[in-house]
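# Summary of the model geometry
So you can see what is in the structure, the chains are spelled out below.
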Amino acid sequence: IFDQFMKMTFYGQFVAGEDHNDIKPLIQKNHSFGVGSVLDYSVEEDISQEEAERKEMEYENSITLLNKRKYQVHKQFSDRRGGVTGARTYFYADEAKCDQHMETFIKCIKASGGSSMDGFSAIKMTALGRPQFLLQLSEVLVKWRRFFTFLASQQGKDGLEALEQRLELTQLQEFMTKLGANGDFYGWFTGRKEDSTGCIDMLDWNSLIDDRTKISDLLVVPNVELGKLEPLLGKFTVEEEQQMKRMLQRVDVLAKHALESGVRLMVDAEQTYFQPAISRLTLEMQRTYNREKPVIFNTYQCYLKEAYDNVTMDVELSRREGWHFAAKLVRGAYMYQERERAKEIGYEDPINPDYESTNRMYHRCLDYVLDEIALNRKANVMVASHNEDTVKHTLTRMNELGLIPTENKVYFGQLLGMCDQISFPLGQAGFPVYKYVPYGPVNEVMPYLSRRAQENRGFMKGAQKERELLWKELKRRLASGELLYKPVY
């Protein structure tokens, strides 16, 4: 009885069905209105807060590479569901459990491929490996990037945009030698670049990590407490390297299935202390699978202060290496948790100060990618937003730049059961628009749905507007005698 009640109410509004057969009618119905699907198998373990904390802390590694508190496991935040209403959460059990998650994602990819010719499937990286590894890798990547920023400030380049900061190699070599480094930085960079200008930027600097096995003497960073240089990756164990390989192998399997099924793979964004590693692993997949067409989509959270830097650097890397940049732009789902964690643990709040600054960041990132699409048809973006102003802004910019909907370079995305007054008119007008379609058994989707019920007030205002529009349409149909509507698509 409970399951039936849920299907007639809350579950029926926000979830498409229990399995891939159950969801087909809804997907086909939406498709008839020109609306595609991003399939998301939203099953989540229903465990207590104590159990969530135990699972997260159990695998805490005693090795920390930075002593930066942001990238360590903290007991009060080890239940990663706290303060998060719009995203499902995975807790690490063991490698076998990660393989099970991978199999679930494969079924989701196949369901997406079997339901339509142009579908997406969503995956979460924390389901495919040990989260503590992602913490450590994120720490390494952030530390390396901050060292570049520090070196740039030593050369008087602070205050510039990330991609505008360039290090003069002769000065870099002198400074590193003075700090006690033995590596030949000047020789490595000039040897790599035939058209070397004697300067390097952040992307050149990051390329050192790609070749980390050959040039360990170059991967050094200052230890502020000890006042000397130390190896960046010196404390990565063989087991941690294996964990990285296993995680990459799982993502690789999913990417191959997506390619075979004609499905695009959307890697969801997660908390900021995981995100540098998630983006890095996604980037590795894009380098391999986005050569001919966009298959792997990365997600950029525009409520982050560093969102624009992240987008511009990845676009520039795709230009240099010749692959298709593919992004989903979202505002972000972890704001309250991120703010509370930063305050409690004592690091800088990574989130923009208010909603307006997040809006400006979203439009700034979006405009940059749209300009890139106009210049180089290899870039692609999904505008995942319920904000009508953002959708109108996108349509205006597309018109200004001569971007035609049928090129399938700019997509729109909204959640199932929400903002239909945006999705369906876009679909009817011929724009590529998608619903994020969660599915799964009622009892297993309940933990996810119970938090969705706590969505912020902005969505409740949207629901009020939808009710008003529905009443208006119902009155129009009664007055015109056109009770049933058949889509023309």
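Please refer to the structure placed before this passage.
Just so it is clear, the structure is predicted and the values come from calculations on it, not from any experiment.

Considering all chains together, one arrives at 19 aromatic pairs under this definition. Their ring planes at 55° and their centres at 6.1 Å tell us that phenylalanine 150 and phenylalanine 175 sit as a pair that is tilted. Placement of phenylalanine 150 in helix H6 (residues 131-154) and of phenylalanine 175 in helix H7 (residues 169-179) is noted, with a sequence separation of 25 residues between them. On the accessibility criterion, phenylalanine 175 (23% relative accessible area) is partly exposed.

What follows deals with the pattern of salt bridges. Tallying each qualifying case throughout the model produces 22 salt bridges. The partner of arginine 320 in a salt bridge is aspartate 204, and the shortest N-O contact between them spans 3.7 Å. Remark: aspartate 204 occurs in helix H9 (residues 202-210) and arginine 320 occurs in helix H12 (residues 307-321); sequence separation between them is 116 residues. Of the residues examined, aspartate 204 reaches a relative accessible area of 8% and is grouped as buried. We note a salt bridge from arginine 320 to glutamate 316, for which the minimum N-O separation is 2.8 Å. Taken together, the residues span about one helical turn, with arginine 320 and glutamate 316 both in helix H12 at a distance of four residues. When its relative accessible area of 15% is taken as the criterion, glutamate 316 is described as buried. Linked through salt bridges whose partners overlap, the residues forming this network are Asp201, Asp204, Glu316, Arg319, Arg320 and Glu372.

Reading around the barrel, the eight strands line up as E1-E2-E7-E8-E9-E10-E11-E12 and close back on themselves, with parallel pairing between neighbours. Averaged over all pairs of adjacent strands, the angle between strand axes in this sheet comes to 30°, irrespective of strand direction. Alignment of strand E7 (residues 264-267) against strand E8 (residues 296-301), held across two bridges, turns out to be parallel. The residue bridging leucine 265 from the neighbouring strand is isoleucine 296, located in E8. Running over the sheet, helix H11 (residues 275-289) touches E7, E8 and strand E9 (326-330) and is turned about 150° from E8. Sheet contacts for helix H15 (residues 388-401): strand E10 (380-384) and strand E11 (410-415); angle to E11, the most-contacted strand, approximately 170°.

Rules used in this analysis
- Residues numbered from 1 in each chain as written.
- Predicted model: local features only at pLDDT ≥ 70, side-chain atom pairs only at ≥ 80, totals over all residues.
- Heavy atoms only, no water.
- Phe/Tyr/Trp six-rings, centres within 6.5 Å; stacked < 30°, edge-to-face > 60°.
- Helix = DSSP H or I, 4+ residues; strand = E, 2+ residues; numbered from the N terminus.
- Buried < 20%, exposed > 50% of the residue type's maximum accessible area, 1.4 Å probe, protein only.
- Salt bridge = Lys/Arg side-chain N within 4 Å of Asp/Glu carboxyl O.
- Pairing = 2+ DSSP bridges.
- Axes fitted to C-alpha atoms, helices over the stretch in contact; angles between N-to-C directions.
- Contact = heavy atoms within 4.5 Å.

Taken by themselves, the reported measurements are silent on function.
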